[in-house]
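What the coordinates show
Listed below, chain by chain, are the residues.
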Amino acid sequence: MKSRLPLWAAAAAVIAAWAWAGLLGVYHIAGRASALDRAEAVFADWRLLIAGPRPAPPDVTIVALDDATVAAAGGYPVSRRSLAELIRAIAAGGARVVALDLLLVDSTEADRELARALESLPVVIASAGLFGPDETGRPAVPKTSGEIGPRPEFAAAASVGLANIAADAGGTPRHLPLVFETTEGLAPSFVLQAVSLFLGDAVPLVPGGARVAGEVRPMDIAWHLPLRYYGAHGTLRTISAQSLLDGAEAGLDGQLVLLGATATAVGDRFSVPFDQVMPGVEVLATGIANLLHGSQLVRGGRVRRLDAAVTLALAACGVLAVSLLPLAAGSTVFLGLLAGWAAAAALLFGNGYWFSLALPLAGAVPPVLCLMLVRQMFDRRQAKLQVMARQALGLFHAPALSRRIADDPAFLKSPRAQDAAILFVDLGGFTGTSERLGPAATRDLLKVFHQLVVEEAERLGGVVLDFMGDGAMIGFGIPDPGAEDAEQALRASFGLASRIRSWIAGSPECQSLKGMRVGVHCGPIILSRLGHERQQQISASGDCVNVASRLMEVGKAHGAAITASSRLLSRAGRTAADLPRPDVTKPVKIRGRRGDIEVVMWMPA
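Reading guide: rules and limits
Residues numbered from 1 in each chain as written. Predicted model: local features only at pLDDT ≥ 70, side-chain atom pairs only at ≥ 80, totals over all residues. Heavy atoms only, no water. Axes fitted to C-alpha atoms, helices over the stretch in contact; angles between N-to-C directions. Helix = DSSP H or I, 4+ residues; strand = E, 2+ residues; numbered from the N terminus. Parallel < 35°, antiparallel > 145°, perpendicular 65-115°, else oblique. Contact = heavy atoms within 4.5 Å. Nonpolar A, V, L, I, M, F, W, Y, C, P; charged D, E, K, R; others polar. Salt bridge = Lys/Arg side-chain N within 4 Å of Asp/Glu carboxyl O. Buried < 20%, exposed > 50% of the residue type's maximum accessible area, 1.4 Å probe, protein only. Phe/Tyr/Trp six-rings, centres within 6.5 Å; stacked < 30°, edge-to-face > 60°. Lys NZ or Arg CZ within 6 Å of the ring centre and 35° of its normal. Core = buried A, V, L, I, M, F, W, Y, C linked by side-chain atoms within 4.5 Å. Left-handed = near helix turned anticlockwise from the far one by under 90°. Disulfide = S-S within 2.5 Å. Polar contact = N/O pair within 3.5 Å; in protein donor to acceptor, adjacent residues only side chain to side chain. Pairing = 2+ DSSP bridges. Lys, Arg positive; Asp, Glu negative; His and termini not counted. 1 Å grid on protein atoms, 1.4 Å probe; cavity = no way out; pocket = protein on both sides within 12 Å on 5 of 7 lines; lining within 4 Å. Points joined across faces, edges and corners; volume = space filled by probe spheres on them. Patch = residues over 30% accessible without salt bridge, like charges linked within 9 Å, V, L, I, M, F, W, Y side chains within 5 Å. Areas by Shrake-Rupley, 256 points an atom, 1.4 Å probe, with all protein chains shown as cover.

Side note on the packing of helix H14 (residues 430-437) against helix H15 (residues 439-459)
Running from N to C, H14 and H15 cross one another at 135°; their axes reach a closest spacing of 7 Å. Between H14 and H15, the interaxial angle falls into the category oblique. Only Ala-441, Thr-442, Leu-445 and Leu-446 of H15 make contact with H14, whose side of the interface consists of Phe-430, Thr-433, Ser-434 and Leu-437. Its residues placed into classes, the contact of H14 with H15 shows five nonpolar, three polar and no charged.

Here's what the structure looks like:
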């Protein structure tokens, strides 16, 4: 069944879908935390894993305080003297910058030695602060309190940057803030300071990004750097601090070196798409490499606005498809649109653009699913109405014709010539009977008569083409001719005669009726639609119909109950042999027709 919702309903559904999708889009553009973030994190991880690991940049190296280093030092933390030795070894290896991911807050006897080592090359030292309870998902520069910085002698010899790492609800760092709002004002992050020192010039933050070496790196809201991981732990070049202390060549010429803890029982561990236990220093190194080389994911105001636009478009297209197309086709179109966007988002993600999958799904799927339920109920109601309409149509046309018209609306758009057997029947003495009974009783009498006619016609495959007061016209071989049409018409003639005779005998109100008359003939007819374009009926016409009608007059003139043409009798074959022999066989003159026609007649029983 092909149907669609009314246009006003489709328009209302689009408005409702836009209201829902628009509300989610506003939250998304503003960067507000929501339940969609967890789903989007999963989709982002899938796309990152599909894209696979990427080569790490060659100019960022991690010098790791690993298990071997901690074991050789006799425990953690490593002494300041050992750190000073490491800094000197890194400087001697030709490193351009050292980023020290260690909190140097306590005082030791070797602090002066470490401070002198820090003066040997540009160094950034980590500081840390506490996030407030409302900072998670806050679409603004993150606030910190209770900041812990390095000792003054270290701060005087190096730059300082906040090294806070915030993970999402699943424990994965997705962004690194480039700037923090501290109790003493705005402060740069550890990542921003390291890149600035490496380039030899401060990296300015501009609307929507950070200007690195004259090129703006797009950032997410409030200068959050979207991380794009290169691979599992160890993908970024990592060497053991102990190997440097042992005098090994490290090849650090021109490098940005991060010095931090990776030992098993020391330091932060984070779950990332490629690895469940990535050290915090490697997360920071990833951020530094992303910012330095522009390899971060691109997700900011423009991308978020495009996410919202795609969500609105998918919601509208899905609603219109389900509203205006057949439900199965509309659902397929909507699923195809979703699959197309998912494929496009995966391809774009592989090229560094982080478009949302969770937002379009949450914004488009719920309204379309709700509309599918509405559409399903609407289609069921339309199907029920169609069945009722077909049943109602069947009251005005014979069932065989009703079914054909319903299945083929173009049936008989052009007239069709074919063979058929035509039977006319009427009641004798009906005029006087109707005058005696009055209109109401006459209607009841005709209703019983018509019911007898329809039952007998349908029993033998006939189609009642027309009721004419106390008469009826029945066709056999309509709409499709058959070899037994003449036989069935002759059987119907005798069946009607028997049933009508019994009805008249058993009904007091019918006693004034003078029996019935049947005229039946077979031959070519024209089956067609007659009437206006907006009001038509199925009609049979031609000489066969005229002859069958005139045969009733012949029967009346001779007092016969059934008058048939000899042609029909000969075509009836065995049926004619099984019936009573005709009482009269003779040629007769048919009014309005040249020549005689041989007929057979059966008198009333």
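Re the pattern of salt bridges
Where charged atoms of side chains with opposite charge meet at close range, the side chains can pair. Counted according to the given criterion, the structure contains 20 salt bridges. A salt bridge links Arg-81 to Glu-113, with the shortest nitrogen-to-oxygen separation between them at 3.1 Å. Residue Arg-81 is found in helix H4 (residues 80-92), and its partner Glu-113 is found in helix H5 (residues 111-118); the two are separated by 32 residues along the sequence. Here Arg-81 falls in the partly exposed class, since its relative accessible area comes to 42%. When its relative accessible area of 19% is taken as the criterion, Glu-113 is described as buried. As a salt-bridge pair, Glu-456 and Arg-499 come within 3.6 Å of each other at their nearest N and O atoms. In this pair, Glu-456 sits in helix H15 while Arg-499 sits in helix H16 (residues 485-506), placing the two residues 43 residues apart along the sequence.

Things to note about the packing of aromatic side chains
The final tally for this structure, using the stated rule, is four aromatic pairs. Measuring from ring centre to ring centre gives 5.6 Å for Phe-43 and Trp-46, while their planes differ by 65°; the resulting arrangement is edge-to-face. Of this pair, Phe-43 and Trp-46 both sit in helix H2 (residues 36-51), three residues apart, which is roughly one turn of the helix. Above the face of the Phe-198 ring, Arg-96 is positioned so that its terminal group lies 4.3 Å from the ring centre. In this arrangement the basic side chain of Arg-299 is found over the ring face of Trp-354, its NZ or CZ atom lying 4.1 Å from the centre.

Here we look at the nonpolar core
Core analysis: the biggest nonpolar cluster contains 45 residues, and Phe-190, Tyr-229, Leu-258, Leu-284, Ile-288 and Leu-291 have the highest contact counts within it. Discounting chain neighbours no more than four positions away, the residues touching Ile-288 are Phe-190, Val-191, Ala-194, Val-195, Leu-256 and Leu-258. Counting 42 residues, the second-largest nonpolar core is a separate cluster that includes Ala-497, Trp-503, Val-518 and Ala-572.

Notes on the packing of helix H10 (residues 301-324) against helix H11 (residues 327-350)
Two elements in contact, H10 and H11, have axes whose closest approach is 8 Å; the angle formed by their N-to-C orientations is 165°. The angle between H10 and H11 places the two elements in the roughly antiparallel class. Once H10 is placed against H11, the crossing between them reads as right-handed. Facing H10, whose interface residues are Asp-307, Val-310, Leu-314, Cys-317, Gly-318, Ala-321 and Val-322, H11 presents Leu-327, Gly-330, Ser-331, Val-333, Phe-334, Leu-337, Leu-338 and Trp-341.

Notes on the state of the cysteines
Taken as a whole and assessed by the stated rule, the structure comprises zero disulfides. Cys-317 carries a free sulfur, and the closest cysteine sulfur to it, the one in Cys-370, is 18 Å from it. Owing to a relative accessible area of 40%, Cys-317 belongs among the partly exposed residues under this scheme. No disulfide involves Cys-522; its sulfur sits 6.4 Å from that of Cys-544, the nearest cysteine. Take Cys-522: its relative accessible area is 2%, and that puts it in the buried class.

Looking at the side chain of Arg-47
Here Arg-47 lies in helix H2. For Arg-47, a relative accessible area of 4% corresponds to the buried category. A distance of 2.6 Å separates a polar side-chain atom of Arg-47 from the backbone oxygen of Phe-355. Among all residues touching Arg-47, those that are not within four sequence positions of it are Glu-40, Ala-345, Ala-346, Phe-349, Trp-354, Phe-355 and Leu-357.

A word on the sheet that holds strand S9 (residues 205-206)
The sheet built from three strands is open, its strands ordered S9-S10-S11 with antiparallel pairing. On the outer flanks of this sheet lie S9 and strand S11 (215-218), each paired with one strand and no other. Relative to S11, strand S10 (residues 209-212) is paired through four bridges, and the arrangement is antiparallel. Across the sheet, the residue bridging to Val-212 is Glu-215, located in S11.

Focus on the side chain of Asp-66
Note on placement: Asp-66 falls in the loop between strand S1 (60-65) and helix H3 (67-73). Buried within the structure, Asp-66 lacks any salt-bridge partner; its nearest side chain of opposite charge belongs to Arg-269, at an N-O separation of 10 Å. Among all residues touching Asp-66, those that are not within four sequence positions of it are Ser-240, Thr-262 and Ala-263.

Overview of empty space enclosed by the protein
Here the structure, examined in full by the defined rule, presents one cavity of 30 Å³ or more. What the largest cavity holds in volume is close to 80 Å³. In terms of lining, the largest cavity is formed by Ala-44, Asp-45, Leu-48, Pro-173, Arg-174, Leu-227, Arg-228, Tyr-229, Pro-273, Leu-297, Phe-349 and Trp-354. Ranked by residues supplied to the lining of the largest cavity, first place goes to H2 with three residues. For the lining of the largest cavity, the per-class residue count stands at nine nonpolar, no polar and three charged.

Digging into a nonpolar patch on the surface
On the surface, Leu-7, Leu-320 and Leu-324 cluster together to form a nonpolar patch covering roughly 240 Å² of accessible area. Inspection of the secondary structure assignment puts Leu-324 in helix H10.

Some thoughts on the pairing of strand S23 (residues 584-589)
Where S23 meets strand S24 (residues 596-602), six bridges bridge the pair, whose relative direction is antiparallel. Opposite Val-584, over in S24, you have Met-601 as the bridge partner. Between S23 and S24, which follow one another and run antiparallel, lie six residues, and Gly-592 among them has a positive phi close to 80°.

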